[in-house]
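# Working through the structure, step by step
Listed below, chain by chain, are the residues.
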Amino acid sequence: MDAKLKRNFILVGHAQSGKTSLSESILAFCKATSRKGSVAEGNTVSDYSADEIERKISISSGLLTFKYNNYQIQVIDAPGYADFIGEVISSSRAVDAAVILVDAVSGIEVGTEKSWEILDSLRLPRILFINKIEKENANPAGIIAEIKERFSKKAVLIESLDSSDLIEAVAETDDKLLEKYLEAGSLPKEELLPALRSAVINCKLYPIIQGSVATDKGMQELMQAILDYFPSPLERPPLKGKDPKNNEEKQVNISESNDFCAFVFKTISDPYVGQLTMIRIFSGMLASNTAFYNVSKALKERIGQIYLVHGKEQRAVESVNCGDIIAIAKLKDTATSDSLATEQNPILFDPIKFPEPAISSSVKPRSRQDEERISASLAKLTVEDPTFKVSRDIQTKEQIISGIGDLHLDIMIGRLKKRFNVEVDLGTPKVAYKETITKSARVQGKYKKQSGGKGQYGDVWIEIEPLPKGEEFEFVDKIFGGAIPRNFIPSVEKGVRKAIAEGAISGNPLVGVRVTLVDGSYHTVDSSDIAFQIAGRMALRKAVQEAGAVLLEPIMEVEVYVPDEFMGHITGDLNSRRGRIMGMDTKGKLQVVKATVPLSEMFSYASDLRSLTGGRGSYSMKFSTYEQVPQKIASTIIAQAQAAKKEEQEE
Ligand SMILES: Nc1nc2c(ncn2[C@@H]2O[C@H](COP(=O)(O)OP(=O)(O)O)[C@@H](O)[C@H]2O)c(=O)[nH]1
Ligand SMILES: [Mg+2]
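Everything in this summary refers to the structure shown in the same document.

Definitions and cut-offs
- Residues numbered from 1 in each chain as written.
- Chains lettered and ligands numbered in written order.
- Predicted model: local features only at pLDDT ≥ 70, side-chain atom pairs only at ≥ 80, totals over all residues.
- Heavy atoms only, no water.
- Donors = N, O, S within 2.8 Å, 3.2 Å for Na, K, Ca; no water.
- Helix = DSSP H or I, 4+ residues; strand = E, 2+ residues; numbered from the N terminus.
- Pairing = 2+ DSSP bridges.
- Axes fitted to C-alpha atoms, helices over the stretch in contact; angles between N-to-C directions.
- Near = heavy atom within 4 Å.
- Polar contact = N/O pair within 3.5 Å; in protein donor to acceptor, adjacent residues only side chain to side chain.
- Areas by Shrake-Rupley, 256 points an atom, 1.4 Å probe, with all protein chains shown as cover.
- Nonpolar A, V, L, I, M, F, W, Y, C, P; charged D, E, K, R; others polar.
- Parallel < 35°, antiparallel > 145°, perpendicular 65-115°, else oblique.
- Contact = heavy atoms within 4.5 Å.
- Patch = residues over 30% accessible without salt bridge, like charges linked within 9 Å, V, L, I, M, F, W, Y side chains within 5 Å.
- Salt bridge = Lys/Arg side-chain N within 4 Å of Asp/Glu carboxyl O.
- Lys, Arg positive; Asp, Glu negative; His and termini not counted.
- Charge placed at Lys NZ, Arg CZ, Asp CG, Glu CD.

## Focus: the coordination of the magnesium ion (ligand 2)
On the protein side, the magnesium ion (ligand 2) has Thr20 (OG1) and Ser58 (OG) as donor atoms, found 2.0 to 2.1 Å from it. With Thr20 in helix α1 (residues 19–29) and Ser58 in the loop between α2 (50–55) and β2 (62–68), this pair connects stretches of sequence that are 38 residues apart.

As structure tokens, this is what we get:
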């Protein structure tokens, strides 16, 4: 199909602004559906998964493919909740333009801001659709002013092509046109339209359309603008990547007849066909039952049938080309973020920059049988959603899941149950505390058991001392004159290491210690490997008690982004979490508070921040260092650990 007659775009905006409803209206307007579905009834084409129907929200991006007049239209309906922002980031890589919805009552919200930022970073052309203007308290004029002030002065209403605001805005995008306009006081239509189109494609103008999905107002204008002003895949902004051979920048020559190149933006699991890999073709063509070259993995992969996707339906096609967004089933080696091309003309695109998980929770399977299946099931979920991560805490042995927010984790747990029939309980992950010492000590560890028959005998003297921060453990052997036979020295070290891993006061590993074996004694018959291991372990435990042991906790570097009016609340709240404010900054229209905060105080931060700021704040967090836990808090943690240990021993 002629790439000039293709349009593909994404619908983005804050949750509840009407994206999914708009996608149904577009289908109805283009006569691509016999019955307009609604979010309330759970029968929309794009929100077809069980959890989307149940919760009445979009969770993952849905793709629609249909014909309108002579055009092939592909629309991606993205979710709006911050927890699923990864979907907006990845799906934006598949399209040439975006319609960004703004609620005519609520105006610009966090989700609107986030989407605008993502589209900016990709330099994607966009149209703003102010939705729900039929509502009594709608304030489109106020919202247009807000858009101009907060997003761009280049946003302009395009309802009437005679409006001198629009003509002036178009003229200002081109010096020659401006000159003409200033001389003549107007512009002829045949010059205005191409200039408007080129301004939109080059992000020099952002058309605004007002309307209402509920009353179908604005649908005609929106569809017309999409066909008239959005780029075809051949006209999209230049696409750059790297040549894997020399790592130099390389630009794609977009055309139907050039070499094939494409990008994998998403992987989904379909209940019938299994794993489906979603691919945007940028240039060239691809036929079913052939092969492509995966540049990221440096291998050739054979492919079966290619599909065009419309909601949950797939339509098999023989071949696809430049501009198409397609799916291929059951690929073995190809994953999300991979670049695809030909072996002769490879190009590597930047991988998708997914946000880092911000919250974690431990998961415990409810039954024995679930325990075996949980790892495999969780692994399958991470393939589909790169913002969902699974790890095992080597210290606490718990399985930890991490995600963008609590809604995100909640949905993943729901999928675990529905899709894999695995039920889990969520807990708070235990913080990975560590122990260390603050002074030196010299102690004896003596293990002696001599009551008839062969006994046990091991006797050691050790010195322990603190190591500089960041260093873990050192064992030094200073035995002279055979006080302990050489073959038992590794036994002592083994015993010491065991005690180090178990910790001496709270069950957490000890770090930052040098242990020097200085003296000891042995028995020719009773001494053994095991006896010296036990002596070493006893010595270390005793030494730690005398060496001023303290507890260390992980400290995180936190950045909180909020509108100005919440600054006081945010800093106050961080202080109450034992946070230290390190600085403040501005980023666009937002204030940034930088602080270091103990991890143990950050577990409910995602939802607390949401309620503190009415959903307008966001934050990022990364590990910084280990620091000593304040005495009072440490005593509680130690007491709890000892109580838990006692319970374990009694069982
Ligand atoms: N009054 C009114 N409600 C609308 C309009 N468009 C969508 N809605 C409602 O807004 C809610 C959210 O719509 P939805 O399409 O799920 O929004 P999304 O989260 O952006 O996909 C639903 O209850 C819709 O029925 C509109 O133009 N007017
Ligand atoms: Mg939706």
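## A closer look at the sheet that holds strand β11 (residues 274–283)
Across the sheet, eight strands lie side by side as β14-β13-β19-β10-β11-β18-β15-β16; this open sheet has antiparallel pairing. Only two strands of the sheet have a single neighbouring strand rather than two, namely β14 (299–302) and β16 (313–317). Geometrically, the sheet is characterised by an average inter-axis angle of 40° between neighbouring strands, direction not taken into account. Inspection of the sheet shows strand β10 (residues 261–270) paired to strand β19 (residues 339–341) by two bridges, in the antiparallel sense. Considered in β19, the bridge of Phe263 is made with Ser339.

## Focus on the site of ligand 1
Around ligand 1, the surrounding shell holds 16 residues, and the nearest of these are Gln16, Gly18, Lys19, Ser21 and Glu134. Gly18 is positioned with one of its backbone polar atoms (N or O) 2.8 Å from an oxygen atom of ligand 1. Alone, ligand 1 offers 590 Å² of accessible surface; in the complex the protein occludes 78% of this. It is α1 that contributes the most residues to the shell around ligand 1, three residues altogether. Taken together, the residues that form the shell around ligand 1 break down as four nonpolar, eight polar and four charged.

## Comments concerning the packing of helix α6 (residues 164–171) against helix α7 (residues 175–184)
Between α6 and α7, the shortest axis-to-axis distance is 8 Å and the interhelical angle comes to 140°. Classified by the angle between their axes, α6 and α7 sit oblique to one another. In this structure, α6 contributes Ser164, Ile167, Glu168, Val170 and Ala171 to the contact, and α7 contributes Leu177, Leu178 and Tyr181. Among the residues making up the contact of α6 with α7, the classes are represented as six nonpolar, one polar and one charged.

## Examining a negative patch on the surface
On the surface, Asp174, Asp175, Glu179 and Glu183 cluster together into a patch of negative charge. With respect to the helices, strands and loops of the structure, Asp174 is situated in the loop between α6 and α7.

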